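Listed below are the residues making up each chain.
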Amino acid sequence: MDPKATHTGSQQQLHSIRPRQPSIFTKVRGSVRTALGFPLAEGIGTPINSKPRRKVYVNIPVPAVECDHHGRPIVVFCGNMIQTAKYTILTFLPKNLFEQFRRLANLYFLIMVIMQVFPMFGVASPILAAMPLIVIMSITGVKDGFEDYRRHKTDETVNFAQTQTLQNWKNVNRVDCRSWRDIFSFGKLNAIRVEPLSPVASKAPLGKAKGKKARIVTPNDESDTAADGPKLREGWGPCAWKDLHIGDYVLLRANDRIPADILVISTDDPLSACFVETKGLDGETNLKCLEGLKETHHIRTAEDCKAARLIIEAEAPTLNLYTFSGTLTLQTQMTQSSSVLDMDAGSRKVPINVQNILLRGSTLRNSEWVIGIVLFTGLDSKVVLNSGKTPSKRSLIEKLMNWQVVMNFAMLIMMCVVIAILDAHYERRWAHSHPPWIPGKLVGGRVGPAPRTAGFYTFFASMIMLQNVVPISLYITVEGVKTIQAYFIYSDIEMYYEPTDDACVPKSWNISDDLGQIEYIFSDKTGTLTQNKMDFLRCSVGGAAYGEGYTDVTADSEGIDIQTRASRMAEMSADMKTSMNQVWKNPYLNATLGFVDKTICKDYFNIPSQRMQLEMFFTILAVCHTVVSPKEPLDGQNHPVTYSAQSPDEQALVTGAKDFGVIFESRVQDVVTILVHGVPRSYRVLNTLEFTSTRKRMSVVVQLMEEPKTILLFSKGADSVLYERLAEGQAGIKKVTFEHLERFANEGLRTLVLAYRVIPEAEARKWCELHHKAACALVNRDQELEAVAELIEVDLTLVGATAIEDKLQEQVPECITLLRSAGIKLWVLTGDKLETALNISFAANLLTSSQTLLILRAHTPLTIVTQLRETYLQLQNPTNEVAMIIDGESLGHALATEEGQQLLLEVGTRCVCVVCCRVSPKQKAQVVRLVKHGKNVMCAAIGDGANDVSMIQEANIGIGISGLEGLQAALAADYVIAQFRYLSRLILVHGRWSYYRTSETILNFFYKNMTWVFALFWYQFYCGFSGRILFDYTYLMFFNLIFTSLLSLVLGIFDQDVNAHYALSIPPLYGIGLRRLLFTTPRFFQAVFQAVYQSLLCFFIPYLAAPQQWSAPELGSLVALCVIVTVNLGVSMSIKNWTGIVVAAVTLSIGSFLVYIPVYAAFPTSNATGTLPSTYGHVEFWAALFLAVVCSLGPRIVYGVLKSASRHPGDLELIRERQKYNLGVPPRVIRVGKTEADIVLLEEPMVGRRISLRQLELSKSLLNLDEAEDVQPHLGKVSSNLYPASVTEEEADQDGEWQEPVLLSGPVPLATVDLEAQEGPRSGRAARSAPPNRLTIITKTSMTQVQQGSMTGRNGHTSLHFMDSGAISANTGFAFSFDDHFSSRAQVASPTEDLHPENELRRSDELRRRVMSDACLYERKSTDPLSD
């Protein structure tokens, strides 16, 4: 990415990612350190792109030019300690106070407290007035401190984890901190002594990861190998991760976590290979093979480490996890006094790449030990660079509430100004006359202060009197409500995952309401959507298809539950084992087989040609791979054999070959040994052509070690790349295999094509020379190797194809279907290659075969901008749903410029789904930021690995998965769940409830407090605007504490507009949060208007009804009672779910004040003494109360009754009515295609797993009206949209105007399905990929077309647009056929011509709006959904 372009784009409104600039404090601190002689740490406050390349010296003195005048290195690298917590002991108080005072209300309360300190305002106790603010800020501070304390404990777990470093050795790159005595020695010391690194074990206790104990490595670890163990143990000692430094030697053992970015020096493997698991880094559970430098393989003991003389030059710290460049210069024949300048003669430079680097966050597997040198620590390590700073998140409602507080404050100022001006006016008017409140004549001239001074005092006194217009108790209530909501989320048994004993853990309690407003969800793939477990289920060999096991798609199509599927698979596995025993008794089979077929063994015995094809097929699977040799001995005993591989696909394929009896036994250097039905066979691997996203294939050149020593090329890859490399004369098998590929793809399986070629020895020798020359090229090495591979991967012989299934997590497709039905858009951001991402997206219902897929790939910013511009123009009038797929390189170019960002944002948000593949962790955060700021929407991000941390922190809501893929994402997340499927309940149920409850609680709080305040304001007209308080002071104290607090808490904690079942079953109900309809400025002003109206009645009715002899205490008690009763009943009317708790809260709230008045009046010192007989004992008192309450709440009651009796109730009212009378969830009408015929009525509440909408279409079948059964669907009143309400025909006929549109006026034909329609060349077997029988609703237009014979079934397919080549291919979802310049399909045609024939009527705009809209569930306007 062009740094200049990135910097330019960062100044625009889309907020591009840019390096964090050092603060003023950091700059000052650096200046002080430099002035005092401390070296400036390279990793502190330095932007990433400004850090220089680094040199690490091992056993060689640092050159003088790189040292200061004290002989110390000028550049000091950052330490290995990390900190994710926001506070420290010193910064907690100021930083937390700053965050709390970002709430304008808290700042307002502070000003009020300060004002009440002055005695002129007549406040009885300033300390008592300050207590509410102190309490609320203390509670919030304790909560924030507790949350940060847990982060500190997590940091300690990481920082004090143990590793092993070299003892009694001097690391010249390490600099000890100087004491103050050394600083003021004024240069007496010429050099600072550098102490050897001492392996100090931490005294702090090691934290425990969930379910696992941190591993402590000791020098006497018994896991050493027999050969290297005694020598390897010597000279190493334990060291905490935080004490590691650049240049330290580190000894890692099997299953150790990598503490920093480390250069591999040597391993226990003879070829210097080691294997790491990167699930903590990128979520991948498969092993990745790394290799040490061959030139340093001899360094195997502590003495060897001390004797080696090395200089390592490395690139500056970068964010990219997949690239690294550097060199290692070594010289073994040097004296101790030699310097770096003497290394020119006899030295040797060795290149270093990413294959030689162990990255922090990964775990060493299948390797006994590794010796390495630390290159990057702490903040400079790649995983930390890709992790953003822990943000301070505030909910959207809290931000909006700040503006409403400002408006309340503005109203307060206006009222205080009015009171102050009028008070000054009356003071001036009565200065020399007779004031009405002073009996007798005025003596002595002016009374009291000057009018202006009196008005000034009255202004501030009024602010104190009316301060409840912004109630501090609101924040206490909201904090309490959100805390209890977090507890409810944690206690939800439906989100508890028993296998790992994990519940949903809310870590940020204050943003739960944001869960109810999510518009975009950004998800990782591996470990988040999938289990990352592959099963080999199908294959096509020699034109015959094999495999009868159930996939998720076929199981759902046949309506088979999990238990039935498991039992049937167990039966088929037993039959398969019985058949296999006739071929060879395989002792290494698992208990249950994934690949089962009852005919494959018969074909192996009875058809000799097929037997050769099957052996070649499984031999290719057992040889052409990068799988690690199994740890279990192949001794002929009955025990299962498991494999470890970089790719789970390869692991599944090798396991499938093993189950058939072709077993991969071992890989020793370049010799691969397999067992073919018990007979050993060895191949020497001459060359390996690795799989890349560009090549889309993998090949190995091998030579059979037994006679006749044939040289073979084994290849496997996508059909789009291998088909064009096949030899002539294979048209028949190509066609049949391609049909099988189509069927496998329809079942949601990932497919590969297998082929081979026999290579003459002379050609192989010549080609190997060319390959070696290309491998040694320093410029354009990848292009040279690809060109050489093209020379030999030709004239291949097709053998067959494989089909494997990537197991999704449980109920992922249902969850995604629910979220998309709610109107939420999902984007997948993954580091996997394009093919893998697309297959999973199809399987998870993110992508469907009815969509047009736009694949964007470019190598320059100009190209990607051009592609995006063309795509944007095409999307102005889309004829089909569009999904976009873009790779990491193209994404980086698009984000580098302002125009690219704008176009990417506009194109992506117009697509139903976006899949970004091969993206870095920082790019994930960039995409989230782009959408969040560019569209001003609420975004959630979900992931499970360390590569998802930056994305999680950037999103408004970060959700981590605490599964088997590490805990990095869970530690940085706001909410932690165990499975992706819980996301739907977390968002659609708890998120919706939290948004509804918080919004209603805040608005009702404003309403009741403004009613109370305005009643005080009206009294000022009758007290000369003197600022006198009508109510007793204790009424003010207890109004929010006792008299009106219970109902607000009940509303915020327990209220539900719909229950959880309906919220999940009818996802479009979530649209109220998407459109942010509950907490808005109009609703705020509606609450203000309601408060003004009710306060007028609550004051003036008692004022007019009060007897003449009443004093202010009697009138104040009556007005207070009217207000308290009115606002309590008004808040209760906002509660939708009335229970006994609500009734008790209303009774206690009103009854508490009715009891408090006589109790308070009983005290002789109270202001209410003697008022009880004149209030409770007079009928005027109760009549005024009744009249005030009825007149205040009457209009609201009448409006509610009229609305409920309306012929056009809202969606929520209809659903609440169904809930009230237990009518059940209405059936769904789901749009399948683009025509009227593609509407399917499903009585079940959810779509089946992995059944895409287009797959539900009845392909290759004609609608036969004569043979169809007459079915009258039970469609009710409202059926013009997704969820019709079901009622009886009698109810619908009661009123002609009440009748709702129905999709059919007559019987509905049941479309017949030919189960053999998608049958392969082998007859007699029902195709498991055939679509299920569904009740298809045929509209009038489509029925006319059927009767005229103009409507026929079509195969659902995906239209693929490759923007870099302009190619368009028709595909059923088989991702491996994607290629830049080649389409594997027989005909390349425009998708619009195939998806929308001219002879087919298009859906009208009105019908499309009603079917696709999530804004309205029901419509009651049209009598015919197809009428214009």
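Before reading further, recall that the structure is shown in the block above.
These figures come from a predicted structure and were not determined experimentally. (Residues numbered from 1 in each chain as written. Predicted model: local features only at pLDDT ≥ 70, side-chain atom pairs only at ≥ 80, totals over all residues. Heavy atoms only, no water.)

Enquirer: Looking at this model, I keep getting lost on the overall build of the protein. Mind explaining?
Expert: Helices and strands together make up the secondary structure of the protein, namely 45 helices and 40 strands. Each of the 1428 residues in the protein was classed as buried or not, and the buried ones make up 57%. Here the analysis covers contacts within the protein between residues at least 6 apart in sequence; of these, 76% occur between residues at least 24 apart. Counting every atom, the protein has about 59800 Å² of accessible surface; 58% of that belongs to carbon and sulfur. (Helix = DSSP H or I, 4+ residues; strand = E, 2+ residues; numbered from the N terminus. Buried < 20%, exposed > 50% of the residue type's maximum accessible area, 1.4 Å probe, protein only. Contact = heavy atoms within 4.5 Å. Areas by Shrake-Rupley, 256 points an atom, 1.4 Å probe, with all protein chains shown as cover.)

Enquirer: Looking at this model, I keep getting lost on the sheet that holds strand β10 (residues 310-314). Mind explaining?
Expert: What holds strands together in a sheet is hydrogen bonding between their backbones, with the strands either parallel or antiparallel. Reading across from one edge, β1-β10-β11-β12 is the order of the 4 strands in this open sheet, with antiparallel pairing throughout. Bordering the open sheet on either side are β1 (54-58) and β12 (348-353), each of which pairs with just one other strand. Adjacent strand axes in the sheet meet at a mean angle of 20° when their direction is disregarded. Bridge count between β1 and β10: 5 bridges; the pairing is antiparallel. Note that in β10 the partner of R54 across the bridge is A314. (Pairing = 2+ DSSP bridges. Axes fitted to C-alpha atoms, helices over the stretch in contact; angles between N-to-C directions.)

Enquirer: Even after reading the chapter, I still don't get the pattern of salt bridges, so can you show me in this structure?
Expert: Pairing between side chains of opposite charge can happen when their charged atoms approach one another. For the structure on display, the rule yields 34 salt bridges. Among the ionic pairs, R684 bridges to D670, the shortest N-O distance being 3.3 Å. With R684 in strand β22 (residues 679-689) and D670 in the loop between β20 (662-668) and β21 (671-676), this residue pair connects regions lying 14 residues apart in the sequence. The salt bridge partner of R697 is E790, with a shortest N-O separation of 3.1 Å. Placement of the pair is R697 in strand β23 (residues 697-704) and E790 in helix α22 (residues 781-792), with a sequence separation of 93 residues. One network of salt bridges, in which partners are shared, links R695, R697, E724, R725, E790 and E793. (Salt bridge = Lys/Arg side-chain N within 4 Å of Asp/Glu carboxyl O.)

Enquirer: Sorry, what's going on with the pairing of β20 here?
Expert: When a strand is regular, its side chains alternate between the sheet's two faces. As defined by bridge partners, β20 adjoins β21 across 6 bridges and the pair is classed as antiparallel. Each residue of the ladder has a partner; that of R667, found in β21, is V672.

Enquirer: Looking at this model, I keep getting lost on the side chain of S395. Mind explaining?
Expert: With respect to the helices and strands, the residue S395 is situated in the loop between α10 (382-385) and α11 (396-429). Setting aside its immediate chain neighbours within four residues, S395 contacts K482, N510, I511, D513 and D514.

Enquirer: Can you help me understand the nonpolar core in this one?
Expert: As a rule of thumb, soluble globular proteins bury nonpolar side chains together. Residues L466, M1010, W1012 and F1031 are the most contacted members of the largest nonpolar core, which totals 98 residues. By residue number, the principal contributor to this core is helix α31 (residues 982-1019), which donates 16 residues. Filtering out sequence-adjacent residues up to four positions away, M1010 remains in contact with N408, M411, V469, F1084, A1087, V1088 and A1091. One finds I961, L988, A1063 and I1066 within the second-largest nonpolar core, a separate group that totals 63 residues. (Core = buried A, V, L, I, M, F, W, Y, C linked by side-chain atoms within 4.5 Å.)

Enquirer: Got a minute to help me understand the side chain of T377 in this structure?
Expert: Locating T377 in the fold gives a position in the loop between β15 (369-376) and α10. Under the relative-accessibility criterion, T377 is labelled buried at 0%. In terms of polar contacts, T377 uses its side chain to reach the backbone carbonyl oxygen of C78, at 2.7 Å. Excluding residues that lie within four positions of it along the chain, T377 makes contacts with C78, G79, N80, L244, H245, I246 and A260. (Polar contact = N/O pair within 3.5 Å; in protein donor to acceptor, adjacent residues only side chain to side chain.)

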